[in-house]
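Each chain is listed here by its residues.
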Protein chains: 2
Amino acid sequence: MDPGRVIERLKEIKAKRILLQLPDGLKPHVFDYFNELSKNFNVIVSSSGFYGACDTGTMDEWKNVDAVVQLGHTEIPNVNYKVPVIFEEYINEDHRSFNDLDLTELERNNYKNISLAYSIQYRQSAEELSKFLKEKGYNVSMGKHDSRLKYDGQLLGCNFSPLHDQESRNDCHIIVSTGVFHALGAQLSVEKEVFILDMSEPFRLRSMKSEAERHIRRRYANMARALEAKKFVVVVDTKVGQYRMKLAEKMIKEIQDMGKSAVLAYSNESSPVEFENMMADCIIFTGCPRVATDDFDRYKSPILTAQEFNMIFKKKGNGKYIMDEIVNVDTMP
Amino acid sequence: MDPGRVIERLKEIKAKRILLQLPDGLKPHVFDYFNELSKNFNVIVSSSGFYGACDTGTMDEWKNVDAVVQLGHTEIPNVNYKVPVIFEEYINEDHRSFNDLDLTELERNNYKNISLAYSIQYRQSAEELSKFLKEKGYNVSMGKHDSRLKYDGQLLGCNFSPLHDQESRNDCHIIVSTGVFHALGAQLSVEKEVFILDMSEPFRLRSMKSEAERHIRRRYANMARALEAKKFVVVVDTKVGQYRMKLAEKMIKEIQDMGKSAVLAYSNESSPVEFENMMADCIIFTGCPRVATDDFDRYKSPILTAQEFNMIFKKKGNGKYIMDEIVNVDTMP
């Protein structure tokens, strides 16, 4: 973080009291940040975990501050934040050369036209990889972002619009990131092959195809268990960037029209046991789609995304798996 | 729950949209409650766990409703709820006779004058026990409640004012409850012997003395680990009935005056790992005191109540353990 820039922006909006959100990786520095910012402002830290710009803390936390300072992420342009939020992006400074990157995977498949994308902290690395691939003779492009993203080529775990923009024009996608979170979501959302370049490991291109196929099989098994469900809980997450109340209310009606029973519920970090106690046959989670796609093992009942619900109860997708991507959310009341 | 009475009260205040909070024990009936109330109101259920009348959900949940319906608890009179909350007490209907209750524990100690208290759902049972003990020749009284409680003799896990009222006038205390939660807190807060009558077990009087002593020894060990701490996180819980911001701000200043470093943090169901990431030497938790006294094993750093902080850093208590009881909280901004 550049405290100077954050302080300047806070002074511009005449902030006095601020809420500070730190990602896990920066939490060990919380005393430094707190002491530095406290010279100019009345600071309170949010101790809760958060998952990005979709989550600026609970209203109890931000209602009484002049600004939220969130480190490590970039704003979601089409979210209506109800308090000024100062996002301070964290750009990874790993400048290892890509010169030794093994391109056999691309050559073997005769992939010449590459769609390149990244999670936000690797924007710089993605630019460097683009340059390297172009020098090697590849056509490289970054897909256009929709209004939930700030940059072309940027991905969120819930939004892969730059890949859809490129899907018909390129041979494959390469995702620059750490861990499989973004790349797995990417391969669930597009058909062309997705390669991850994991910046936390020695550089190599690894196909996500088989991992995504395994994952989809497990999702179909989870969905199959929901087919006979009679009691549904449809969950709306109260995080500002995950709030899809209209979608949830529409689904409640659809479930009732099928002659089944549906309860509408709020969630914010609810633990799986809270849903177990409700004895529902199926949970439809309209907040972060990755709760259902990645964490379903933690739930006893089947837990589906809105799109998975559409696939099995409304015959959407023509047999193809549809990743639930968030394009926009409702403005919170 | 008597839905009729709840519906009547909701209609009186012309509620249209309501938030429903169910304790774990009633969650299996959520579909019944939801369907019944949905005939008259626009209902949304809070899926989060809650701990009583100190917790009416996050502001994100209640900001958009006309009323909260909370089952199983009774209001905390001196909490300034910012939305109408309809508390529907749950009275346990266990009418087993106390006739066979073994009173040897009282006789052996020559305890004649009894202070009787209860957790809210056993108010009726406590009355019946009182009658039984009086017939056996005991003097029985229920201590006066302070403004955080509604009834004489009622206890919360954070408030034992009826026991303090009786401490000098009676020989011992009997707590009618389930599990040791209330009775252990009681024995941590008073010196006279506390007996639990656990309604979930065959009736008997069990002394809490040795369990509380063991517990206090473990608390002192935790407090000793905090003595050398240099970096403190002082936590304010955003639950409406646990919000003690002024206390936390005062402690921040006291810690800084000792030449140590302190960070002010919000919490609402933060997991222990969030605090671990902050690399603090000590956590002071000003929300529910039972987080520190009962759950400290889940935290790597020592975690203290406000009173425990006072004991070790401000030499309060004259060597006697002081239970951190909540008398009142700040009104949330």
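Residues numbered from 1 in each chain as written. Chains lettered and ligands numbered in written order. Predicted model: local features only at pLDDT ≥ 70, side-chain atom pairs only at ≥ 80, totals over all residues. Heavy atoms only, no water.

Student: Got a minute to help me understand the relation of the copies chain B and chain A in this structure?
Tutor: Here the second copy of the chain follows from the first by a rotation about an axis and a shift along it. Mapping chain B onto chain A calls for a rotation angle of 180 degrees and an axial translation of 0.0 Å; the resulting RMSD is 0.0 Å. Both copies are brought into coincidence by an operation consistent with a two-fold rotation axis. Looking at the rotation axis and the C-alpha trace of chain B, the residue lying nearest is Met59(B), at 2.8 Å. (Least-squares fit on C-alpha atoms with pLDDT ≥ 70 in both.)

Student: I keep staring at the interface of chain B and chain A and nothing clicks. Help me out?
Tutor: The accessible area lost on association of the parts is a frequent measure of interface size. Counting residues at the interface gives 45 residues for chain B, matched by 45 residues for chain A. Between chain B and chain A, the buried area comes to about 4000 Å², and carbon and sulfur atoms account for 60% of it. Considering only the surface of chain B that becomes buried against chain A, Phe31(B), Asp60(B) and Tyr266(B) emerge as the three largest contributors, covering 21% of it. In this structure, the connection of chain B to chain A is made through 4 salt bridges. A salt bridge links Lys27(A) to Glu274(B); its shortest N-O distance comes to 2.9 Å. On the surface where chain B and chain A come into contact, there are 14 residue pairs in polar contact (both at pLDDT 80 or more). (Contact = heavy atoms within 4.5 Å. Buried area = accessible area lost by both parts, 1.4 Å probe. Salt bridge = Lys/Arg side-chain N within 4 Å of Asp/Glu carboxyl O. Polar contact = N/O pair within 3.5 Å; in protein donor to acceptor, adjacent residues only side chain to side chain.)

Student: Sorry, what's going on with the sheet that holds strand E12 (residues 282-285) of chain B here?
Tutor: Backbone hydrogen bonds hold the strands of a sheet together, and the pairing may be parallel or antiparallel. As summarised here, the arrangement of the 8 strands in space is E4(A)-E3(A)-E1(A)-E2(A)-E11(B)-E10(B)-E12(B)-E13(B), forming an open sheet in which the pairing is parallel. At either end of the open sheet lies a strand with only one pairing partner, and these are strand E4 (85-88) of chain A together with strand E13 (303-304) of chain B. In terms of strand pairing, strand E1 (residues 17-21) of chain A meets strand E2 (residues 42-46) of chain A through 4 bridges, oriented parallel. Bridging across to E2(A), Leu19(A) finds its partner in Ile44(A). (Pairing = 2+ DSSP bridges. Helix = DSSP H or I, 4+ residues; strand = E, 2+ residues; numbered from the N terminus.)

Student: Please explain the sheet that holds strand E10 (residues 231-237) of chain A as it appears in this structure.
Tutor: Strand order in the open sheet made by the 8 strands is E13(A)-E12(A)-E10(A)-E11(A)-E2(B)-E1(B)-E3(B)-E4(B), with parallel pairing throughout. With one partner strand each, in any of the chains shown, strand E13 (303-304) of chain A together with strand E4 (85-88) of chain B form the two edges of the open sheet. As judged from the 4 bridges shared by E10(A) and strand E12 (residues 282-285) of chain A, these two strands associate in the parallel manner. Note that in E12(A) the partner of Phe232(A) across the bridge is Cys282(A). With respect to the sheet, helix H9 (residues 245-257) of chain A is in contact with E10, strand E11 (261-267) and E12 of chain A together with strand E1 (17-21) and strand E2 (42-46) of chain B, its orientation differing from that of E11(A) by roughly 160 degrees. (Axes fitted to C-alpha atoms, helices over the stretch in contact; angles between N-to-C directions.)

Student: Just to check I follow, could you spell out helix H1 (residues 3-12) of chain A for this structure?
Tutor: All names here are of chain A. Listing the buried residues of H1 in full gives Val6, Ile7 and Leu10. The buried side chains of H1 occupy one side of the element, clustering within an arc of 100 degrees when seen end-on. Exposed side of H1, more than 90 degrees from the buried face: Glu8 and Glu12 are the residues found there. Of the surrounding elements, those touching the buried residues of H1 are E1, helix H2 (30-38), strand E3 (67-71) and E4. Following H1 by one or two positions, lysine 14 has its phi on the positive side, about 55 degrees. (Buried < 20%, exposed > 50% of the residue type's maximum accessible area, 1.4 Å probe, protein only. Arc of directions from axis to C-beta.)

Student: Whenever I open this one, the pairing of E1(B) confuses me. Can you help?
Tutor: Residue and element names in this part refer to chain B. E1 sits mainly inside the fold: 5 of its 5 residues count as buried. Where burial is concerned, the two faces of E1 agree: the one with Arg17, Leu19 and Gln21 and the one with Ile18 and Leu20 are both buried. This β-α-β element, E1 to helix H2 (residues 30-38) to E2, shows right-handed connectivity. Bridge analysis of E1 against strand E3 (residues 67-71) gives 4 bridges, and the strand direction is parallel. Paired with glutamine 21 across the bridge in E3 is glutamine 70. (Right-handed = clockwise from strand over helix to strand, strands pointing away.)

Student: Would you mind going over the domain arrangement of chain A with me for this structure?
Tutor: Residues and elements named next belong to chain A. Domain annotation for chain A reports domain 1 (3-88), domain 2 (104-207) and domain 3 (217-313). Put simply, the middle of domain 1 and the middle of domain 3, counted by C-alpha atoms, are 31 Å apart. Taken together, the contacts link 8 residues of domain 1 with 6 residues of domain 3. Here domain 1 and domain 3 share an interface that buries about 540 Å² over both sides, 62% of which is from carbon and sulfur atoms. By the criterion of area lost to domain 3, the three top residues of domain 1 are Tyr51, Cys54 and Val79, representing 61% of everything that side buries. The tally of links from domain 1 across to domain 3 stands at 0 salt bridges. Linking domain 1 to domain 3 there are 3 residue pairs in polar contact (both at pLDDT 80 or more). Looking at the side of domain 1 that touches domain 3 residue by residue, the classes come out as 4 nonpolar, 3 polar and 1 charged. (Domains from an automatic or database assignment. Nonpolar A, V, L, I, M, F, W, Y, C, P; charged D, E, K, R; others polar.)

Student: Sorry, what's going on with the side chain of Ser267(A) here?
Tutor: In this fold, Ser267(A) is placed in strand E11. According to the relative accessible area criterion, Ser267(A) is buried, its value standing at 2%. Leaving out residues up to four positions away in the same chain, Ser267(A) has contacts with Val235(A), Val236(A), Asp237(A), Thr238(A), Phe275(A), Phe285(A) and Ser47(B).

Student: What am I meant to see in the environment of Val240(B) here?
Tutor: Here Val240(B) shows up in the loop between strand E10 (231-237) and helix H9 (245-257). When the C-alpha atoms of Val240(B) and Met251(B) are compared, they prove to be 20 Å apart, with 11 residues separating the residues in sequence.

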